[in-house]
Amino acid sequence: MAAENTSNWESKIQRNPHPDFKAVEASRPPFDTTKTFAYTQTPQPTWTFGSGSNHLSSQQDKEKTHRQIDPYSPTRPAHLNYKLLISAIVPRPIAFVSTVSPDGKVTNLAPFSYFTVISHDPPLFIIGFASSLVNPDPTKAKDTLRQLSESKECTINIISESFLEAANSTAINAPFGVSEWGVSGLTPVHDCEHVKAPRVKEAVFSIEGKLESLRGFESKSTPGKVSSTMAVIEGVKFWAREDAINEEGSLLDIKVLRPVSRLGGITYGRVTEGVELPRPDFVKDLGGHEGAAKWEKREQVN
């Protein structure tokens, strides 16, 4: 994003709550490099159909009330919705997007956590941009969005713990034309088959992407202004590091991938524990319509 535009936005949302971040960070425990992904049991392995929440939910929790928040309240600025949503919709995967201008002279690398996969056939992904190509000034659109719209292609790279700091550095509010590759020290690899944008060599998993569509959304707080854009990207080639992928090319080892996610504010998350839960079968596990009817009767009584 253009430097001036980013500075204005950051001053509004005050993302960093620490006046002296390095002092706060120094007071915390060192990064635990010994932690690796491990499975545990679910919170309540004895849970059965109809049981509701498990034992982690106390009666006191159930008695607590909820507050209504109107996102369109005339006294509520839009940036409060942003801060609320990024702290509530967590953890979010991060698209580490590499783009290049059509003439090949300008490269860009930036992380976006308004991101997810929406289909496997065809492989489709969405990336959300809090900016617009339409108005008030198209030159203030995020650099990635501008180059994606012009070149119609990109690479999406998944961020691992091993280059978290470097990936975060690419979120810097550098002016258009300044490449984040040099800022980060990461390695561009120009071996993609279908796109010109380089992939990140340090990434365990990368996707060559073609732009399927762009759609702008009008602001509710500033009518007439297009405030955000959704890009739909089709994955046309996958790159997986050999030590991370299984033989049939269907599963990545999370212990090798070591992905990071975005939480609220300036917080990132690690993935160090998981639980497995089989998807229940309607007939085998629930007892078919007869079993379902039992729980329907209970619901009507309650």
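Above this note sits the structure.
Thresholds applied
Residues numbered from 1 in each chain as written. Predicted model: local features only at pLDDT ≥ 70, side-chain atom pairs only at ≥ 80, totals over all residues. Heavy atoms only, no water. Helix = DSSP H or I, 4+ residues; strand = E, 2+ residues; numbered from the N terminus. Salt bridge = Lys/Arg side-chain N within 4 Å of Asp/Glu carboxyl O. Patch = residues over 30% accessible without salt bridge, like charges linked within 9 Å, V, L, I, M, F, W, Y side chains within 5 Å. Areas by Shrake-Rupley, 256 points an atom, 1.4 Å probe, with all protein chains shown as cover. Phe/Tyr/Trp six-rings, centres within 6.5 Å; stacked < 30°, edge-to-face > 60°. Buried < 20%, exposed > 50% of the residue type's maximum accessible area, 1.4 Å probe, protein only.

Draft legend 1. Summary view of unusual backbone geometry. Cis geometry marks the peptide bond from V90 to P91; its omega dihedral reads -10°. Tracing the backbone shows P91 in the loop between α4 (78–88) and β2 (95–100). Between D121 and P122 the backbone carries a cis peptide bond, its omega angle lying at 0°. Within the secondary structure, P122 sits in the loop between β4 (115–120) and β5 (123–129). Here the phi dihedral of K152 falls at roughly 65°; this positive angle occurs in a residue that is not glycine. With respect to the helices and strands, the residue K152 is situated in the loop between α5 (143–151) and β6 (153–157). Phi at R258 is positive, roughly 45°, even though this residue is not glycine.

Draft legend 2. Examining the pattern of salt bridges more closely. Here the structure, examined in full by the defined rule, presents 9 salt bridges. The residue D243 makes a salt bridge to R241 at a minimum N-O spacing of 2.7 Å. Sharing partners across several salt bridges, the network here consists of E161, R258 and R270.

Draft legend 3. Representation of a nonpolar patch on the surface within the structure. Judged by side-chain polarity, I69, L84, L85 and I89 come together as a nonpolar surface patch covering roughly 340 Å² of accessible area. On the secondary structure map, I89 appears in the loop between α4 and β2.

Draft legend 4. A look at the packing of aromatic side chains. As enumerated under the stated definition, the model contains 6 aromatic pairs in all. Plain terms: the ring middles of F37 and Y39 are 5.1 Å apart, the flat faces sit at 85° to each other, and that makes the pair edge-to-face. The exposure class of F37 is buried, given its relative accessible area of 11%. When its relative accessible area of 54% is taken as the criterion, Y39 is described as exposed.

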